[in-house]
Every structure is written in structure tokens, then in C-alpha cells.
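Remarks on the overall topology
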2 protein chains.
Amino acid sequence: MSKYINAMNDIFKALNDATRREILDLLKQKDLSAGEIADAFNISKPSISHHLDILKRADLITSEKNGQFIIYSINTTIMEDVLQWILTFKQ
Amino acid sequence: MSKYINAMNDIFKALNDATRREILDLLKQKDLSAGEIADAFNISKPSISHHLDILKRADLITSEKNGQFIIYSINTTIMEDVLQWILTFKQ
DNA sequence: TATATATTTAGACAAATATCTAAATACTTT
DNA sequence: AAAGTATTTAGATATTTGTCTAAATATATA
């Protein structure tokens, strides 16, 4: 099993959850702390933390510590892999 | 919850499995019967049938009965929804 | 009509997933 | 140093998922 296939697995797994897709939609607009992200959902902070971990493992987001906050940012370049796969279906 | 979001859920759920993505890759090349698809994998026919059902519910494939065979075809138009969503991440 | 072939449905089960609460870690402020 | 804030880790649990075998359904052929 190639690294490419593992990456695709991680990406599709990460995208297979409405909450995680919404998190990406939020981060598309601006960087946010874990707490700010959690505040946007009726889900506990530990659960959001877990979702962030899955997105991070898929390389869809990155994080940077800023004092006591952890700021999450979207990594749009990884979407290119999915985009390319999708494009193979265009005729 | 909108119909759009349900559709996206079904699509991402369907794509979140390497076997199902491979089935789509096969059907990209040509229409195949359920048996021909099953022959391409080391998975039982009932399991493949279940995968086909999930792909069909997501509208990613269509099926047509031809005698005792059921021929599956890819529906590329539904990929447009995913494509559009992915494209919102391009800067 | 009986038998063979193609596919799905039903039911079971182990593994993966999303969620929670409680506790731990790390940083900031008083 | 103690208390407060931000976040994650740990552990538990209910639900979902992928797989299997056995049985049912539908079509074709002898």
C-alpha cells in the first residue's frame, strides 16, 4: 500500500464527517483557536479536539501554539490531491 | 438539515472506503456487471453488493438490469458537487 | 419444469467511530 | 506560588461500518 493511498484514506476519512467539514469551512475564512472552533458547535471541547486531531493527521489543517492558545489554520494544498482524483472522473 | 447536506454526507460516506473508490476507478473505464466488479476484489459478492448499494444511494453509480446481469455505470455528474465544494478552498 | 447462474437480502459479529465526563498538562495572571 | 484559563489525553460507551455465511429472488437454459 503506497503512501499516496494512505494519504487519500486519511483525507477521505477526515472529510467524512459534517462537523469536520464545517470546521474546514470556518478555517477557510480565518485562523481560529481550538476554543473558538469549539464555541461554534454544540459538542464538547474534547470531542472538537479529537476532530481537530483527525484533520491534522490528514494534513488538512496545521496548528501553532500562541501562548496558552493553539491556533489552527487550514492547509489548502492538501485539497489538491482530492481535486486531482475527482478530476479523473471528468469525462 | 438541507437535502444538499444529506447528499454531501452520502457522497463523502461513499468515498470513505478504498474498495468503493476502486470500484469507481473501474467503472470510470467501462460499465461492468456486479459479478465482474466482485471478481476484481478478494471480497465476497454480498460485501461488494453492499458497497454497490452505498455508491448507488450516493448517486455515484447507476444500475440497469440486462437479463440475469445487473450492469453498473458511473455517474460522473454527481462528482460536480464534491468538485465545487473542494474548489471553495482554492485561495 | 428442473437446474444452473447472477445478484441481493438477512442476520451475525468484530472493528472503527463519535461522543461524553473526568483528569492531566501547559500557560497566564494575581 | 496559587488560581484561573485553554487544550488535550484517558477511558468508557453507544452507534456505525465492513465483512462473512446462509438463504432468497430472478433469470436463463437444458
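To start, this report covers the structure provided alongside it.

Reading the values: rules and limits
Residues numbered from 1 in each chain as written. Chains lettered and ligands numbered in written order. Predicted model: local features only at pLDDT ≥ 70, side-chain atom pairs only at ≥ 80, totals over all residues. Heavy atoms only, no water. Helix = DSSP H or I, 4+ residues; strand = E, 2+ residues; numbered from the N terminus. Buried < 20%, exposed > 50% of the residue type's maximum accessible area, 1.4 Å probe, protein only. Contact = heavy atoms within 4.5 Å. Areas by Shrake-Rupley, 256 points an atom, 1.4 Å probe, with all protein chains shown as cover. Salt bridge = Lys/Arg side-chain N within 4 Å of Asp/Glu carboxyl O. Axes fitted to C-alpha atoms, helices over the stretch in contact; angles between N-to-C directions. Parallel < 35°, antiparallel > 145°, perpendicular 65-115°, else oblique. Buried area = accessible area lost by both parts, 1.4 Å probe. Pairing = 2+ DSSP bridges. Near = heavy atom within 4 Å. Polar contact = N/O pair within 3.5 Å; in protein donor to acceptor, adjacent residues only side chain to side chain. Nonpolar A, V, L, I, M, F, W, Y, C, P; charged D, E, K, R; others polar.

Attention now goes to the overall build of chain A. In terms of helices and strands, chain A carries five helices and three strands. Each helix (α) and strand (β) of chain A, taken in turn from the N terminus, gives the series α-α-β-α-α-β-β-α. Reported as C-alpha extents along the three principal axes, the dimensions of chain A are approximately 45 × 25 × 25 Å. Within the span of chain A, comprising 91 residues, buried residues form 37% of the whole. Of all intrachain contacts in chain A linking residues separated by at least 6 positions in sequence, the fraction that spans at least 24 positions is 52%. For chain A, the exposed area adds up to about 5,300 Å²; of that, 49% sits on carbon and sulfur atoms.

Before going further, it helps to examine the pattern of salt bridges. Residues and elements named next belong to chain A. In this structure the tally under the stated criterion is eight salt bridges over all chains. Between Asp 25 and Lys 28 there is a salt bridge whose closest N-O contact spans 3.1 Å. In this pair, Asp 25 and Lys 28 both sit in helix H2 (residues 18-29), three residues apart, roughly one turn of the helix. Given a relative accessible area of 23%, Asp 25 falls into the partly exposed group.

All names here are of chain A. At a minimum axis distance of 10 Å, the contact between H2 and helix H4 (residues 45-57) shows a crossing angle of 75°. Judged by the inter-axis angle, H2 sits roughly perpendicular to H4. Contact with H2, carried on its side by Thr 19, Arg 20, Ile 23 and Leu 24, involves Ile 48, His 51, Leu 52, Ile 54 and Leu 55 of H4 and no other residues of that element.

Right, let's get into the interface of chain B and chain A. By a frequent convention, interface size equals the accessible area lost on bringing the separate parts together. Between chain B and chain A, the contact holds 23 residues from the first and 23 residues from the second. Roughly 2,200 Å² is buried in total at the junction of chain B and chain A, and carbon and sulfur atoms are behind 67% of that figure. Applying the counting rule to chain B against chain A returns two salt bridges. One salt bridge in this structure joins Glu 80 of chain A and Lys 90 of chain B, with 2.7 Å as the shortest N-O distance.

Our next topic: the sheet that holds strand S2 (residues 61-66) of chain A. Residue and element names in this part refer to chain A. With antiparallel pairing, three strands are arranged side by side in an open sheet as S1-S3-S2. With one partner strand each, in any of the chains shown, strand S1 (32-33) and S2 form the two edges of the open sheet. Of the pairings in the sheet, the one linking S2 to strand S3 (residues 69-74) comprises six bridges and is antiparallel in character. Directly across from Thr 62, in S3, lies its bridge partner Ser 73. Its contacts with the sheet place H2 against S1, S2 and S3, and it is angled at close to 90° to S3.

Contacts to DNA strand D come from 24 residues, most closely from Gly 35, Ser 49 and Tyr 72 of chain A together with Ser 44 and His 51 of chain B. Backbone atoms, meaning sugar and phosphate, make up 71% of the atoms of DNA strand D lying within 4 Å of the protein. Taking Ile 70 of chain A, its main chain carries an N or O atom lying 3.4 Å from a phosphate oxygen of DNA strand D. Contacts to DNA strand D include Gln 68 of chain B, whose backbone N or O atom sits 3.4 Å from a sugar or linking oxygen. For the surface near DNA strand D, the secondary structure elements donating two or more residues are helix H3 (34-39), H4 and S3 of chain A together with helix H4 (45-57) of chain B. Residue contributions to the surface near DNA strand D peak at five residues, all from H4 of chain B. Looking at side-chain class alone, the surface near DNA strand D contains eight nonpolar, eleven polar and five charged residues.

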